[in-house]
Amino acid sequence: MGQQRQFAWQQRKTTLGVTAQCASLTEARKELDWVADLPAQSGQQVLRQLDQAYRKWWDPQHPAGPPTRKRKSARLSVPFPGQAIAVRRVNRRRGVVSLPKIGDVKFRWSRALGGAVRNAVVSFDGVAWHVGFGVHAGVETPEAHVRPGTVVGVDRGVRSPWRCPTGGCGTAHANRLCTRHATITLERLCISAMTATAKGTIEEPGINVAAKPGLNRAILDKSWGMFEAALANRARTTGTRIVKAPAAFTSQRCSRCGNTHRNNRKSQAMFRCGSCGYQANADVNAAINVRDAAEAAPPLTGRAVRDRSHPASCRPPTQRRPRTALEAGISRP
(Lines give C-alpha, C1' and ligand atoms only; values in the text may rest on other atoms or scores of the structure.)
Protein backbone atom coordinates (compact mmCIF):
# COMPACT_ATOMS: atom_id res chain seq x y z
CA MET A 1 0.00 0.00 0.00
CA GLY A 2 2.97 2.28 0.55
CA GLN A 3 4.08 1.52 -3.02
CA GLN A 4 0.59 2.43 -4.23
CA ARG A 5 0.96 5.87 -2.66
CA GLN A 6 4.38 6.36 -4.20
CA PHE A 7 3.26 5.17 -7.64
CA ALA A 8 0.24 7.50 -7.60
CA TRP A 9 2.44 10.46 -6.81
CA GLN A 10 5.36 9.63 -9.11
CA GLN A 11 3.27 8.65 -12.13
CA ARG A 12 0.07 10.67 -11.73
CA LYS A 13 0.94 13.42 -9.27
CA THR A 14 -2.09 12.52 -7.17
CA THR A 15 -2.40 11.91 -3.46
CA LEU A 16 -3.95 8.73 -2.08
CA GLY A 17 -5.42 9.02 1.38
CA VAL A 18 -6.78 6.34 3.66
CA THR A 19 -10.29 6.61 2.17
CA ALA A 20 -9.12 5.96 -1.38
CA GLN A 21 -6.89 3.10 -0.30
CA CYS A 22 -9.72 1.47 1.65
CA ALA A 23 -11.79 1.54 -1.54
CA SER A 24 -8.91 -0.12 -3.40
CA LEU A 25 -8.72 -2.74 -0.68
CA THR A 26 -12.39 -3.55 -1.15
CA GLU A 27 -11.85 -4.14 -4.86
CA ALA A 28 -8.76 -6.25 -4.19
CA ARG A 29 -10.73 -8.47 -1.79
CA LYS A 30 -13.08 -9.36 -4.66
CA GLU A 31 -10.25 -10.48 -6.94
CA LEU A 32 -7.57 -11.88 -4.64
CA ASP A 33 -8.42 -14.74 -2.30
CA TRP A 34 -5.37 -14.20 -0.08
CA VAL A 35 -6.46 -10.61 0.53
CA ALA A 36 -10.02 -11.71 1.26
CA ASP A 37 -8.70 -14.14 3.88
CA LEU A 38 -7.65 -11.16 6.00
CA PRO A 39 -10.53 -9.61 7.97
CA ALA A 40 -11.61 -6.36 6.35
CA GLN A 41 -11.24 -4.47 9.63
CA SER A 42 -7.62 -5.59 9.94
CA GLY A 43 -6.73 -4.38 6.45
CA GLN A 44 -8.39 -1.04 7.10
CA GLN A 45 -6.51 -0.72 10.38
CA VAL A 46 -3.19 -1.27 8.59
CA LEU A 47 -4.09 1.48 6.12
CA ARG A 48 -4.93 3.86 8.95
CA GLN A 49 -1.57 3.13 10.55
CA LEU A 50 0.18 3.77 7.24
CA ASP A 51 -1.66 7.06 6.82
CA GLN A 52 -0.71 8.09 10.33
CA ALA A 53 2.94 7.22 9.65
CA TYR A 54 2.98 9.51 6.61
CA ARG A 55 1.31 12.33 8.51
CA LYS A 56 3.85 12.12 11.30
CA TRP A 57 6.74 12.08 8.85
CA TRP A 58 5.54 15.26 7.17
CA ASP A 59 4.84 17.03 10.46
CA PRO A 60 7.86 19.28 11.23
CA GLN A 61 7.00 19.12 14.92
CA HIS A 62 7.12 15.33 15.06
CA PRO A 63 10.34 13.27 15.40
CA ALA A 64 9.18 10.37 13.23
CA GLY A 65 11.21 9.29 10.22
CA PRO A 66 9.92 8.13 6.83
CA PRO A 67 7.75 5.00 6.61
CA THR A 68 9.80 1.93 5.77
CA ARG A 69 9.04 -1.60 4.62
CA LYS A 70 8.96 -4.40 7.12
CA ARG A 71 11.70 -6.95 6.79
CA LYS A 72 10.81 -10.49 5.79
CA SER A 73 12.16 -11.64 9.15
CA ALA A 74 10.10 -9.11 11.08
CA ARG A 75 7.53 -10.27 13.60
CA LEU A 76 4.25 -11.15 11.90
CA SER A 77 1.31 -9.24 13.37
CA VAL A 78 -2.35 -8.66 12.51
CA PRO A 79 -4.27 -5.75 14.11
CA PHE A 80 -7.95 -5.90 15.05
CA PRO A 81 -9.96 -2.78 15.99
CA GLY A 82 -11.90 -2.91 19.23
CA GLN A 83 -15.35 -2.89 17.66
CA ALA A 84 -14.53 -6.14 15.85
CA ILE A 85 -13.49 -8.17 18.89
CA ALA A 86 -14.92 -9.35 22.20
CA VAL A 87 -12.88 -10.40 25.22
CA ARG A 88 -14.09 -12.42 28.16
CA ARG A 89 -12.37 -14.10 31.06
CA VAL A 90 -12.88 -17.83 31.60
CA ASN A 91 -10.96 -18.30 34.83
CA ARG A 92 -7.98 -16.87 36.68
CA ARG A 93 -5.48 -17.98 34.04
CA ARG A 94 -7.46 -18.22 30.83
CA GLY A 95 -9.42 -15.87 28.59
CA VAL A 96 -11.16 -16.00 25.22
CA VAL A 97 -11.09 -13.40 22.47
CA SER A 98 -13.53 -13.52 19.55
CA LEU A 99 -11.84 -12.47 16.29
CA PRO A 100 -13.59 -11.91 12.95
CA LYS A 101 -13.13 -14.77 10.42
CA ILE A 102 -11.31 -16.75 13.11
CA GLY A 103 -13.77 -17.19 15.95
CA ASP A 104 -13.00 -17.80 19.61
CA VAL A 105 -9.32 -18.04 20.50
CA LYS A 106 -8.15 -19.05 23.97
CA PHE A 107 -5.20 -17.29 25.51
CA ARG A 108 -3.33 -17.14 28.79
CA TRP A 109 -4.47 -14.19 30.90
CA SER A 110 -1.10 -12.83 32.04
CA ARG A 111 -2.18 -9.48 33.49
CA ALA A 112 -5.23 -7.33 34.18
CA LEU A 113 -6.51 -5.33 31.22
CA GLY A 114 -6.89 -2.16 33.27
CA GLY A 115 -9.48 -0.49 31.05
CA ALA A 116 -11.83 -0.75 28.09
CA VAL A 117 -10.38 -2.73 25.16
CA ARG A 118 -9.76 -0.50 22.14
CA ASN A 119 -7.83 -2.86 19.88
CA ALA A 120 -5.95 -6.14 19.73
CA VAL A 121 -2.84 -7.35 17.92
CA VAL A 122 -2.25 -11.03 17.20
CA SER A 123 1.42 -11.73 16.49
CA PHE A 124 3.80 -14.61 15.82
CA ASP A 125 7.43 -14.38 16.90
CA GLY A 126 8.66 -17.57 15.22
CA VAL A 127 8.02 -19.67 18.31
CA ALA A 128 4.54 -18.94 19.61
CA TRP A 129 1.45 -16.86 18.97
CA HIS A 130 0.65 -13.90 21.21
CA VAL A 131 -2.25 -11.51 21.62
CA GLY A 132 -1.90 -8.02 23.05
CA PHE A 133 -4.67 -5.56 23.86
CA GLY A 134 -4.70 -1.79 23.71
CA VAL A 135 -6.93 -0.38 26.42
CA HIS A 136 -8.22 3.01 27.44
CA ALA A 137 -7.23 3.39 31.07
CA GLY A 138 -9.05 6.70 31.55
CA VAL A 139 -5.85 8.42 32.72
CA GLU A 140 -5.04 11.86 31.27
CA THR A 141 -1.71 13.67 31.33
CA PRO A 142 -1.79 16.21 34.18
CA GLU A 143 -1.06 19.85 33.39
CA ALA A 144 1.72 19.93 35.98
CA HIS A 145 3.73 17.42 37.98
CA VAL A 146 2.82 17.02 41.66
CA ARG A 147 6.43 17.89 42.56
CA PRO A 148 7.34 20.84 40.31
CA GLY A 149 10.96 21.81 40.12
CA THR A 150 12.34 18.36 40.92
CA VAL A 151 15.04 17.29 38.45
CA VAL A 152 17.06 14.09 38.13
CA GLY A 153 19.74 12.95 35.72
CA VAL A 154 20.03 9.34 34.57
CA ASP A 155 23.27 7.79 33.35
CA ARG A 156 23.03 4.53 31.43
CA GLY A 157 25.86 2.03 31.62
CA VAL A 158 26.89 -1.49 30.68
CA ARG A 159 27.23 -2.75 34.26
CA SER A 160 24.02 -1.29 35.66
CA PRO A 161 21.18 -0.35 33.28
CA TRP A 162 20.90 3.12 34.77
CA ARG A 163 22.03 5.15 37.73
CA CYS A 164 20.91 8.48 39.18
CA PRO A 165 22.61 10.93 41.60
CA THR A 166 20.93 9.36 44.63
CA GLY A 167 22.69 6.10 43.81
CA GLY A 168 19.58 4.26 42.65
CA CYS A 169 20.10 1.78 39.85
CA GLY A 170 18.34 -1.05 38.06
CA THR A 171 15.31 -1.33 35.79
CA ALA A 172 12.45 -1.91 38.23
CA HIS A 173 12.17 1.75 39.33
CA ALA A 174 11.30 3.56 36.03
CA ASN A 175 7.81 4.21 37.56
CA ARG A 176 9.38 5.71 40.69
CA LEU A 177 11.55 8.06 38.64
CA CYS A 178 8.52 9.64 36.97
CA THR A 179 6.50 9.76 40.19
CA ARG A 180 9.19 11.61 42.11
CA HIS A 181 10.59 13.97 39.47
CA ALA A 182 9.07 16.63 37.23
CA THR A 183 12.05 16.57 34.85
CA ILE A 184 14.20 13.60 33.87
CA THR A 185 17.35 14.19 31.84
CA LEU A 186 18.83 11.41 29.72
CA GLU A 187 22.01 11.29 27.70
CA ARG A 188 21.52 11.78 23.98
CA LEU A 189 22.64 8.38 22.73
CA CYS A 190 22.38 6.81 19.27
CA ILE A 191 22.04 3.20 20.35
CA SER A 192 21.93 1.79 16.81
CA ALA A 193 25.24 3.44 15.98
CA MET A 194 26.79 2.38 19.28
CA THR A 195 25.92 -1.27 18.62
CA ALA A 196 26.91 -1.32 14.94
CA THR A 197 29.53 -3.78 13.74
CA ALA A 198 33.19 -2.75 13.71
CA LYS A 199 34.30 -5.09 10.91
CA GLY A 200 34.65 -2.38 8.28
CA THR A 201 35.72 -3.29 4.74
CA ILE A 202 38.77 -4.82 3.08
CA GLU A 203 39.97 -1.36 2.07
CA GLU A 204 39.22 0.15 5.49
CA PRO A 205 39.21 -2.60 8.13
CA GLY A 206 37.74 -1.83 11.52
CA ILE A 207 39.51 -1.57 14.84
CA ASN A 208 38.91 -3.54 18.04
CA VAL A 209 36.81 -5.95 16.00
CA ALA A 210 37.13 -8.80 18.51
CA ALA A 211 36.03 -6.71 21.50
CA LYS A 212 33.17 -4.86 19.81
CA PRO A 213 30.65 -7.77 19.75
CA GLY A 214 31.02 -8.15 23.52
CA LEU A 215 30.32 -4.45 24.06
CA ASN A 216 27.35 -4.60 21.70
CA ARG A 217 25.86 -7.53 23.61
CA ALA A 218 26.39 -5.73 26.91
CA ILE A 219 24.58 -2.62 25.67
CA LEU A 220 21.70 -4.56 24.14
CA ASP A 221 21.40 -6.75 27.23
CA LYS A 222 20.70 -3.65 29.35
CA SER A 223 17.76 -2.66 27.10
CA TRP A 224 18.54 1.05 27.04
CA GLY A 225 15.95 1.69 24.34
CA MET A 226 13.18 -0.22 26.13
CA PHE A 227 13.96 1.64 29.36
CA GLU A 228 13.70 4.95 27.50
CA ALA A 229 10.38 3.98 25.93
CA ALA A 230 8.97 2.76 29.27
CA LEU A 231 10.04 6.02 30.87
CA ALA A 232 8.27 8.02 28.18
CA ASN A 233 5.07 5.99 28.54
CA ARG A 234 4.98 6.51 32.29
CA ALA A 235 5.77 10.22 31.86
CA ARG A 236 2.45 10.68 30.07
CA THR A 237 0.56 9.79 33.24
CA THR A 238 2.62 11.86 35.67
CA GLY A 239 3.30 14.99 33.62
CA THR A 240 7.05 14.40 33.77
CA ARG A 241 9.18 16.27 31.23
CA ILE A 242 11.87 14.16 29.53
CA VAL A 243 14.83 15.99 28.01
CA LYS A 244 18.02 14.92 26.27
CA ALA A 245 21.49 16.25 27.13
CA PRO A 246 24.75 15.86 25.19
CA ALA A 247 26.55 12.73 26.33
CA ALA A 248 30.07 13.93 25.50
CA PHE A 249 32.48 14.06 28.49
CA THR A 250 29.78 13.43 31.12
CA SER A 251 31.89 10.59 32.51
CA GLN A 252 35.13 12.64 32.49
CA ARG A 253 33.83 15.96 33.84
CA CYS A 254 33.87 16.69 37.57
CA SER A 255 30.37 17.49 38.74
CA ARG A 256 31.77 19.70 41.50
CA CYS A 257 34.39 21.92 39.84
CA GLY A 258 33.85 21.25 36.14
CA ASN A 259 37.36 19.99 35.45
CA THR A 260 37.28 17.64 32.45
CA HIS A 261 40.05 15.12 31.84
CA ARG A 262 40.16 11.49 30.82
CA ASN A 263 42.34 10.65 33.83
CA ASN A 264 39.55 11.73 36.20
CA ARG A 265 37.85 8.40 35.65
CA LYS A 266 40.22 6.01 37.36
CA SER A 267 38.18 2.89 36.56
CA GLN A 268 34.76 1.74 35.47
CA ALA A 269 33.40 2.44 38.95
CA MET A 270 35.69 5.15 40.42
CA PHE A 271 35.82 8.87 39.64
CA ARG A 272 38.49 11.08 41.22
CA CYS A 273 38.94 14.68 40.07
CA GLY A 274 42.58 15.60 39.45
CA SER A 275 41.83 19.25 40.23
CA CYS A 276 39.68 19.41 43.37
CA GLY A 277 40.05 15.82 44.56
CA TYR A 278 36.30 15.07 44.50
CA GLN A 279 35.60 11.32 44.61
CA ALA A 280 32.41 9.49 43.73
CA ASN A 281 31.03 6.52 41.89
CA ALA A 282 31.74 7.22 38.22
CA ASP A 283 28.15 6.58 37.13
CA VAL A 284 26.75 8.80 39.88
CA ASN A 285 29.10 11.63 38.90
CA ALA A 286 28.00 11.26 35.27
CA ALA A 287 24.33 11.28 36.31
CA ILE A 288 24.86 14.58 38.14
CA ASN A 289 26.41 16.08 35.02
CA VAL A 290 23.45 14.85 32.97
CA ARG A 291 21.03 16.35 35.50
CA ASP A 292 22.77 19.74 35.45
CA ALA A 293 22.45 19.88 31.68
CA ALA A 294 18.64 19.73 31.86
CA GLU A 295 18.12 23.49 31.51
CA ALA A 296 19.89 23.67 28.14
CA ALA A 297 18.51 20.44 26.70
CA PRO A 298 15.55 20.44 24.27
CA PRO A 299 12.31 19.01 25.74
CA LEU A 300 11.03 15.63 24.57
CA THR A 301 7.95 15.32 26.75
CA GLY A 302 6.33 11.94 26.28
CA ARG A 303 8.58 11.08 23.33
CA ALA A 304 11.94 9.75 24.35
CA VAL A 305 12.57 7.56 21.34
CA ARG A 306 14.25 10.02 19.01
CA ASP A 307 16.14 13.31 19.12
CA ARG A 308 14.38 16.13 17.28
CA SER A 309 17.56 18.12 16.84
CA HIS A 310 18.84 15.53 14.33
CA PRO A 311 16.05 14.90 11.77
CA ALA A 312 16.24 12.00 9.35
CA SER A 313 18.41 12.75 6.33
CA CYS A 314 15.75 11.32 4.02
CA ARG A 315 12.97 13.51 5.37
CA PRO A 316 12.01 16.15 2.80
CA PRO A 317 12.86 19.75 3.79
CA THR A 318 10.28 21.15 6.19
CA GLN A 319 9.10 24.69 5.77
CA ARG A 320 6.98 26.90 7.97
CA ARG A 321 4.03 27.11 5.63
CA PRO A 322 0.68 25.36 5.31
CA ARG A 323 0.89 22.19 3.25
CA THR A 324 -1.40 21.68 0.31
CA ALA A 325 -3.66 18.66 0.11
CA LEU A 326 -1.41 17.32 -2.64
CA GLU A 327 1.62 17.25 -0.36
CA ALA A 328 0.01 15.43 2.54
CA GLY A 329 1.04 11.80 2.86
CA ILE A 330 3.29 11.64 -0.17
CA SER A 331 6.74 10.13 0.17
CA ARG A 332 9.73 11.69 -1.45
CA PRO A 333 10.50 10.25 -4.92
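Everything numeric in this text was worked out from a predicted model, so none of it was measured.

Visitor: Which residues make up the sheet that holds strand β9 (residues 241-246), and what values go with them?
Guide: The sheet built from three strands is open, its strands ordered β7-β8-β9 with parallel pairing. Pairing within the sheet leaves two strands with one partner each, and these edge strands are β7 (151-154) and β9. Each neighbouring strand pair of the sheet contributes to a mean axis angle of 30°, computed without reference to strand direction. Judged from the six bridges that link them, strand β8 (residues 183-188) and β9 form a sheet pairing that is parallel. Following the sheet pairing, I184 is matched in β9 by I242. Helix α9 (residues 282-292) rests against β7, β8 and β9 of the sheet, and its axis sits at about 130° to β7.

Visitor: Which residues make up the nonpolar core, and what values do they have?
Guide: Taken as a class, soluble globular proteins show a tendency for nonpolar side chains to be buried jointly. Judged by nonpolar contacts, the single largest core of 14 residues is most densely connected at V154, L177, I184, L186, F227 and L231. Mapped by element, the contributors of at least two residues to this core are β7, α5 (174-180), β8 and α8 (224-238). Considering every element that reaches this core, the biggest residue donor is α8, with four residues. The contact partners of L186, leaving out residues within four places of it in the chain, are V154, R156, F227, E228, L231, I242, V243, K244, A245 and V290.

Visitor: Please set out the packing of helix α2 (residues 18-31) against helix α4 (residues 40-58) residue by residue, giving values where relevant.
Guide: Relative orientation of the contacting elements α2 and α4 amounts to 150°, with a least axis distance of 10 Å. The pairing of α2 with α4 is recorded here as roughly antiparallel in orientation. As α2 runs across α4, the sense of the crossing is right-handed. Each of V18, Q21, C22, L25 and R29 in α2 lies in contact with α4, whose residues at this interface are A40, G43, Q44, L47, R48, L50 and D51. Per-class residue counts for the contact of α2 with α4 are six nonpolar, three polar and three charged.

Visitor: If you had to explain helix α7 (residues 212-221) to someone new, which residues and values would you point to?
Guide: Of all the positions in α7, only K212, N216 and I219 are classed as buried. Buried residues of α7, seen end-on, are gathered within an arc of 65° and therefore sit on one face of the element. Exposed and oriented more than 90 degrees from the buried face of α7 are R217 and D221. Contact partners of the buried residues in α7: α6 (191-194) and α8. Of the residues flanking the end of α7, it is S223, one or two places downstream, whose phi is positive at about 55°.

Visitor: If you had to explain the packing of helix α1 (residues 2-12) against α4 to someone new, which residues and values would you point to?
Guide: The interhelical angle for the contact between α1 and α4, taken along N-to-C directions, is 55°, at an axis separation of 10 Å. In this view, α1 runs oblique relative to α4, as classed from their interaxial angle. Of α4, the residues touching α1 (which contributes G2, R5 and Q6) are L50, D51 and Y54. Grouping the amino acids of the contact of α1 with α4 by side-chain chemistry returns two nonpolar, two polar and two charged.

Definitions and cut-offs
Residues numbered from 1 in each chain as written. Predicted model: local features only at pLDDT ≥ 70, side-chain atom pairs only at ≥ 80, totals over all residues. Heavy atoms only, no water. Pairing = 2+ DSSP bridges. Helix = DSSP H or I, 4+ residues; strand = E, 2+ residues; numbered from the N terminus. Axes fitted to C-alpha atoms, helices over the stretch in contact; angles between N-to-C directions. Contact = heavy atoms within 4.5 Å. Core = buried A, V, L, I, M, F, W, Y, C linked by side-chain atoms within 4.5 Å. Buried < 20%, exposed > 50% of the residue type's maximum accessible area, 1.4 Å probe, protein only. Parallel < 35°, antiparallel > 145°, perpendicular 65-115°, else oblique. Left-handed = near helix turned anticlockwise from the far one by under 90°. Nonpolar A, V, L, I, M, F, W, Y, C, P; charged D, E, K, R; others polar. Arc of directions from axis to C-beta.

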